Amino acid sequence: MRPMPDLRRMADAVRFLAIDALVRVHDGHPGAPLGGADIVTTLYARHLKFDVADPLWPDRDRFVQSNGHGSMLIYAANHLAGFAKLGIEEIKRFRELGSHCPGHPEYDPESGIETTTGPLGQGIANAVGMAVAEGRLRAQFGPELVDHYTYALVGDGCLMEGIAAEVMALAGHLQLGRLIFLFDSNRMTDDGDLAQSVTEDQGARFRIAGWHVVECDGHDPDGIDAAIRLAKADSRPSFVVCRTQIGKGVPRIAGERVAHGGKLEPSDAEAARALLDWPHAPFEVPDELLAPWRVAGARGKAEREAWQARFAQAPVDVRADLDRLMDGRLPDGWQAALAELKATYATSGPTQPTVQTSGEILDRLSDAIPELVSGAPDLEAATKHKRRLAPFTASDRTGRYLHYGVREFAMGSMMNGMAAHRGVVPFGITFLVFSDYERHAIRMAALMGLPVLFGFSHDSIGIGRNGPTHQPVEYLASLRAIPNLRVFRPADAIEAVECWELALGERNGPSVLCFSRQALPPVRETEGVDNASAQGAYVLAEAGGTRRATLFATGSEVQLALAARRELEGRGVGTAVVSVPCWELFDEQDTAYRAEIIGRGTARVAVEAAVGLGWERFIGEDGAFIGMRSFGASAPPEDLFPHFGITPEAVVAAVLERV
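A few points on the structure. In this text, all values refer to a predicted model and were calculated from it rather than measured experimentally.

1. Remarks on the overall build of the chain
Then, number 1: Looking only at helices and strands, the chain features 27 helices and 20 strands.
Then, number 2: In terms of overall size, the chain behaves like a compact globule, its C-alpha atoms giving a radius of gyration of 28 Å where 659 residues would be expected to give roughly 26 Å.
Then, number 3: Dimensions of the chain, computed from C-alpha atoms along their principal axes, come out at roughly 90 × 55 × 45 Å.
Then, number 4: Relative to its 659 residues, the chain shows a buried fraction of 63%.
Then, number 5: Long-range pairs, those at least 24 residues apart, make up 78% of the contacts in the chain with a sequence separation of at least 6.
Then, number 6: Summing over all exposed atoms, the chain offers an accessible surface of approximately 24100 Å²; the carbon and sulfur share of this is 50%.
Then, number 7: Considering the chain, the positive charge centre built from 66 side chains and the negative charge centre built from 87 side chains are found 1 Å apart.

2. Some points on the sheet that holds strand β7 (residues 238–243)
Then, number 1: With parallel pairing, 5 strands are arranged side by side in an open sheet as β1-β2-β3-β7-β6. Where the open sheet ends on each side, the last strands, each with one partner, are β1 (62–65) and β6 (212–217). In this sheet, neighbouring strand axes are inclined to one another by 20° on average, regardless of whether the strands run parallel or antiparallel.
Then, number 2: Summarising the sheet, β1 and strand β2 (residues 150–154) pair through 4 bridges and their orientation is parallel. Within β2, the position partnered with Arg62 by the bridge is Thr150.

3. Digging into the environment of Phe456
Then, number 1: Within the secondary structure layout, Phe456 lies in strand β12 (residues 453–457).
Then, number 2: Taking the C-alpha atoms as reference points, Phe456 and Thr41, 415 residues apart in sequence, are found 43 Å from one another.

4. Here's the deal with helix α14 (residues 316–327)
Then, number 1: Compared with an ideal rise of 1.5 Å per residue, which puts 12 residues at 16 Å, α14 spans 16 Å between its outermost C-alpha atoms and is within 8% of the ideal.
Then, number 2: Within the span of α14, buried status applies to Leu322, Arg324, Leu325 and Met326.
Then, number 3: The inward-facing, buried residues of α14 contact α6 (122–141), α13 (301–313) and α18 (408–421).
Then, number 4: Two residues or fewer past α14, Gly328 is found with a positive phi of approximately 75°.

5. A short note on unusual backbone geometry
Then, number 1: The phi dihedral of His26 is positive, around 55°, even though this residue is not glycine.
Then, number 2: Examined against the element boundaries, His26 turns out to sit in the loop between α1 (7–25) and α2 (31–35).
Then, number 3: In this structure His26 comes out as partly exposed when scored by relative accessible area, which is 33%.
Then, number 4: Of note in the backbone geometry, Arg95 takes a positive phi value of approximately 70° without being a glycine.
Then, number 5: Positionally, Arg95 belongs in the loop between α5 (88–92) and α6.
Then, number 6: Judged by relative accessible area, Arg95 falls into the partly exposed class, the value being 24%.

6. Some details on the packing of α6 against α14
Then, number 1: Their axes nearest at 12 Å, the elements α6 and α14 cross at an angle of 165°. Considering the angle they form, α6 stands roughly antiparallel to α14. Regarding α6 and α14, the two cross each other, and that crossing is right-handed. Contacts between α6 and α14 pair Leu137, Gln140 and Phe141 from the former with Val318, Asp321, Leu322, Leu325 and Met326 from the latter.

7. Here's the deal with helix α27 (residues 648–656)
Then, number 1: Residues of α27 that are buried: Pro648, Val651, Val652, Ala654 and Val655. Viewed along the axis of α27, the buried residues span an arc of 165°, placing them on a single side of the element.
Then, number 2: Those residues of α27 that are buried lie in contact with β17 (549–553), α22 (558–570), β19 (603–608) and β20 (624–627).

8. Side note on the pattern of salt bridges
Then, number 1: Scanning the model with the defined rule gives 40 salt bridges in all.
Then, number 2: A salt bridge links Arg524 to Glu498; the nearest nitrogen and oxygen atoms lie 2.7 Å apart. Here Glu498 lies in helix α21 (residues 493–505) and Arg524 lies in the loop between β15 (519–520) and β16 (538–541), a separation of 26 residues in the sequence. A single burial state applies to Arg524 and to Glu498, both of which are buried.
Then, number 3: Among the salt bridges present, the one from Glu567 reaches Arg571, with a minimum N-O distance of 2.9 Å.
Then, number 4: Classification of Glu567 as partly exposed rests on a relative accessible area of 38%.
Then, number 5: Ionic contacts of the salt-bridge type, sharing partners, join the residues Asp459, Arg480, Arg489, Glu557 and Glu608 into one network.

9. Some remarks on the packing of aromatic side chains
Then, number 1: Tallied over the full model, the rule gives 23 aromatic pairs.
Then, number 2: Summarising the aromatic geometry, the rings of Tyr44 and Phe50 are spaced 5.4 Å apart at their centres and angled 65° between planes, so their arrangement reads as edge-to-face.
Then, number 3: Measuring from ring centre to ring centre gives 5.3 Å for Phe183 and Phe239, while their planes differ by 25°; the resulting arrangement is stacked. In this pair, Phe183 sits in strand β3 (residues 179–185) while Phe239 sits in strand β7, placing the two residues 56 residues apart along the sequence.

10. Comments concerning the sheet that holds β19
Then, number 1: A sheet is described by the order of its strands in space; here 5 strands give the open sequence β16-β18-β17-β19-β20, paired in mixed fashion. Only two strands of the sheet have a single neighbouring strand rather than two, namely β16 and β20. Within the sheet, the average angular offset between the axes of one strand and its neighbour, ignoring direction, is 30°.
Then, number 2: Relative to strand β18 (residues 575–579), β17 runs parallel, the two sharing 5 bridges. Across the sheet, residue Thr550 finds its bridge partner in β18, namely Ala576.
Then, number 3: Here helix α24 (residues 591–598) sits on the sheet in contact with β16, β17, β18 and β19, set at roughly 105° to β17.

11. Quick look at the pairing of β17
Then, number 1: Taking burial as the measure, the 5 residues of β17 include 5 buried ones, the bulk of the element.
Then, number 2: In this region the chain leaves β17, passes through α22 and returns to the parallel neighbour β18; the handedness of that crossover is right-handed.
Then, number 3: Pairing of β17 with β19 involves 5 bridges; the strand directions are parallel. Bridge pairing in β19 links Ala553 to Val607.

The rules behind the values
Residues numbered from 1 in each chain as written. Predicted model: local features only at pLDDT ≥ 70, side-chain atom pairs only at ≥ 80, totals over all residues. Heavy atoms only, no water. Helix = DSSP H or I, 4+ residues; strand = E, 2+ residues; numbered from the N terminus. Rg over C-alpha atoms; globule rule 2.2 N^0.38 Å. Buried < 20%, exposed > 50% of the residue type's maximum accessible area, 1.4 Å probe, protein only. Contact = heavy atoms within 4.5 Å. Areas by Shrake-Rupley, 256 points an atom, 1.4 Å probe, with all protein chains shown as cover. Lys, Arg positive; Asp, Glu negative; His and termini not counted. Charge placed at Lys NZ, Arg CZ, Asp CG, Glu CD. Pairing = 2+ DSSP bridges. Axes fitted to C-alpha atoms, helices over the stretch in contact; angles between N-to-C directions. Expected span 1.5 Å × (residues − 1). Parallel < 35°, antiparallel > 145°, perpendicular 65-115°, else oblique. Left-handed = near helix turned anticlockwise from the far one by under 90°. Arc of directions from axis to C-beta. Salt bridge = Lys/Arg side-chain N within 4 Å of Asp/Glu carboxyl O. Phe/Tyr/Trp six-rings, centres within 6.5 Å; stacked < 30°, edge-to-face > 60°. Right-handed = clockwise from strand over helix to strand, strands pointing away.

What follows is the structure in structure tokens.
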């Protein structure tokens, strides 16, 4: 019989890999890896269900290190466990260009990194989203095929962020019992003693929110093990308070403020080796400790093989569905539903808000894509994207609509967690002016390349009397500035269908879909054979003769450009109108196509009910921009556009000044 491994010494192996890497690079955050080593070691050795031989096994437990600044903790643990991509040379290259061990953990499931963390609070929000995905899939496939936990290591900083309150409350409300937070409670922050800024009892906060709370000594493996067992036995989400010492093992920094982000010196490594009786050379782990770590890395092998046997016995359609979901592939033929709807709109020519159209699109897609999950932060009626979808609740995990409450940031970050988990296609919608509440979640989705759909309605001054607090004049420009993010703003129902198709078809990054509150008339007479919006910008209306002017517009302002064109054509000025539903897709087109669309040598005018930042790429230095140069105002939409000079007449005047 194999003797029980010494978990304290296994934790020391984590500590010294972290110490050696931090000393070598002379950078990083030592406090969390040193203080949290016992927690993570106990989790990996006794509880976490995973197998490094198959790191993408669908039914593995998920582990998120939310306090990502202490990234050497998860890197060291995953190296010791045997993840192939994290060999010792990668540990030595911590924070170097091209290393699999960057400054903060970056999404790489094959390395055991389930999500990108570092911006505090978002990791635990991702974990809540993962728990939602697990619950949804468990309801669909049963516990024989979906039966795993989501663990998150969280520090004081994560819990001080506002998003923590949002997801804590929602996870408790939904009773996500397979979600366990491990709180590295060291009472220390970068500024010093926690008492300088925090009074509340974190355990009490979680109890009030409906969580099961248990406490333990975060340096006692048996105590940590017992606490996790209690957490797994409870039907509520669990918050395990692990009392720890920041920087444990390095005498100069242990328990001190400097442990958070202070640099380690070679003398610190020497002192730690003397204190913890570690005679081994830098980056060297003795076989008697590496062996039990490799056992931990393979401890899920038997469970994985049993799962594979059950999976092999499942019906063919069940196996195909789960494989497809875990691969992130959409069902065959999902575009057919959109083609039918597009043809319907081409025939009926509806004049309606594009947010209403989007709700109709989602309703049609809900049958074609069963894994499509919608939700909104207390704006179900205003955004119209629930329709036939039943809610996901504590008592019904089959639901496909999440009532997030007024928690936009939680919604965005939870959707990222769902997408990272896989098995769910998340869509969430709120007003465009509230996109800043979830902006960092959007940025993280783009950074990770996750196929998340961020919907926004009420996309301009066209919302009217709500006034400038709710009129998002600067938001389109700010979203377009985020790399690896497609921002769509359709002009009518047909373009809305096309934009939805493009957003869903992009599986390597997120998309933003912006819709109007006010009714928009059709600007396309036919649906066309192809998806015209796929080119990002296209000539919607050609010039009657030689093109002398080119008008660019998006969304609700396309109709204004068309009205201006009619006037200009009547005056003998050949004018083309270019609809620009997605700048990013236009940037991907070849040089010849872009030059054809841009129309250099013509009078160029862009019109958008937003600030003009970025439109220079279309109109050049000599072109004109008709749009917003200030915040909006409270008035009916029909008064606001003339008040701010966003009219066909203004477009015509700008062209005539330049031809």
